[in-house]
Amino acid sequence: MTLALEVFLQFEAPEYPAEGTETFRRDIVENKDFIAKCKAGRCPLYGAFDGKELISMMGMRENRTHINLVFTKSEYHRKGLATAVFCYLLEDIGKDDPPPQAITLNSSPYGLPFYLALGFEPQGEEQEQNGIRYTPMKYVINQQRSV
């Protein structure tokens, strides 16, 4: 959660009201129930490492069809790491029985171009809830295409 908070504060928080930063801290970084589910393997976390240092991560809700965390250290942006983590995530959830047909996420304004490039499609206009700005998005999983 250290990486998530570091990157959030650097790229998202400056555009959010104080309420949004507090919501992120409370609902993600300090959410003991979510962290316990991650540790138990019920909410999967995927990561890329430089040696032993976590430099890019994606996390999913327990249902394995909604991404709720995507963060990459700033010095590793635009190097394909988050795309590689996403490809690994797709491969992993593709083993589920039955495999999911789609993945959803709520994109921050900063992340929107990245998700569009991956093939996610907006499912509505930008919204704000508890100070968090997001655009609901969906990725239809097609076993024939590659990211």
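Please read these numbers as outputs of a predicted model, since none were measured by experiment.

S.K.: What am I meant to see in the environment of Tyr115 here?
M.R.: Along the polypeptide, Tyr115 turns up in helix H5 (residues 112-118). For the pair Tyr115 and Leu105, spaced ten residues apart in sequence, the C-alpha separation works out to 9.3 Å. Filtering out sequence-adjacent residues up to four positions away, Tyr115 remains in contact with Val70, Leu105, Ser107, Phe120 and Met137.

S.K.: Explain the environment of Ile103 to me, please; I cannot follow it from the model alone.
M.R.: For Ile103, the location among the structural elements is in strand S4 (residues 102-107). Judged by relative accessible area, Ile103 falls into the buried class, the value being 0%. For the pair Ile103 and Leu90, spaced 13 residues apart in sequence, the C-alpha to C-alpha distance is 9.2 Å. Setting aside its immediate chain neighbours within four residues, Ile103 contacts Met60, Thr65, Ile67, Phe86, Leu89, Leu90, Ile93, Phe120, Met137, Lys138, Tyr139 and Ile141.

S.K.: I'm lost on helix H2 (residues 18-29) in this one. Help?
M.R.: A turn of α-helix holds 3.6 residues, and therefore any two residues three or four places apart point the same way. With twelve residues, H2 extends 15 Å between its outermost C-alpha atoms, agreeing within 8% with the 16 Å of an ideal straight helix rising 1.5 Å per residue. The inward-facing, buried residues of H2 abut helix H1 (2-11), helix H3 (32-39), strand S3 (66-72) and strand S7 (132-140).

S.K.: Honestly, the packing of aromatic side chains in this entry has me stumped. Any pointers?
M.R.: The geometry of an aromatic ring pair is captured by the separation of the ring centres together with the interplanar angle, meaning the angle of the planes. Evaluated as defined, the whole model comprises ten aromatic pairs. Plain terms: the ring middles of Phe8 and Phe24 are 4.0 Å apart, the flat faces sit at 5° to each other, and that makes the pair stacked. Of this pair, Phe8 sits in helix H1 while Phe24 sits in helix H2, and the two are 16 residues apart along the sequence. We note that Phe8, like Phe24, is buried. Within the aromatic cluster, the residues linked to one another by ring pairs are Phe86, Phe114, Tyr115, Phe120 and Tyr139.

S.K.: Would you take a moment to explain the pairing of S3 for this structure?
M.R.: In regular strands, side chains alternate between the two faces of the sheet. Where burial is concerned, most of S3 is hidden: six out of the seven residues are buried. Linking strand S2 (residues 53-60) to S3, which pair antiparallel, is a turn of five residues; within it Arg64 sits at a positive phi near 60°. Pairing geometry for S3 and S4, over two bridges, is parallel. Each residue of the ladder has a partner; that of Ile67, found in S4, is Leu105. Following the chain from S3 across helix H4 (residues 81-93) to the adjacent parallel S4, one finds a crossover that is right-handed.

Rules of the game
Residues numbered from 1 in each chain as written. Predicted model: local features only at pLDDT ≥ 70, side-chain atom pairs only at ≥ 80, totals over all residues. Heavy atoms only, no water. Helix = DSSP H or I, 4+ residues; strand = E, 2+ residues; numbered from the N terminus. Contact = heavy atoms within 4.5 Å. Buried < 20%, exposed > 50% of the residue type's maximum accessible area, 1.4 Å probe, protein only. Expected span 1.5 Å × (residues − 1). Phe/Tyr/Trp six-rings, centres within 6.5 Å; stacked < 30°, edge-to-face > 60°. Pairing = 2+ DSSP bridges. Right-handed = clockwise from strand over helix to strand, strands pointing away.

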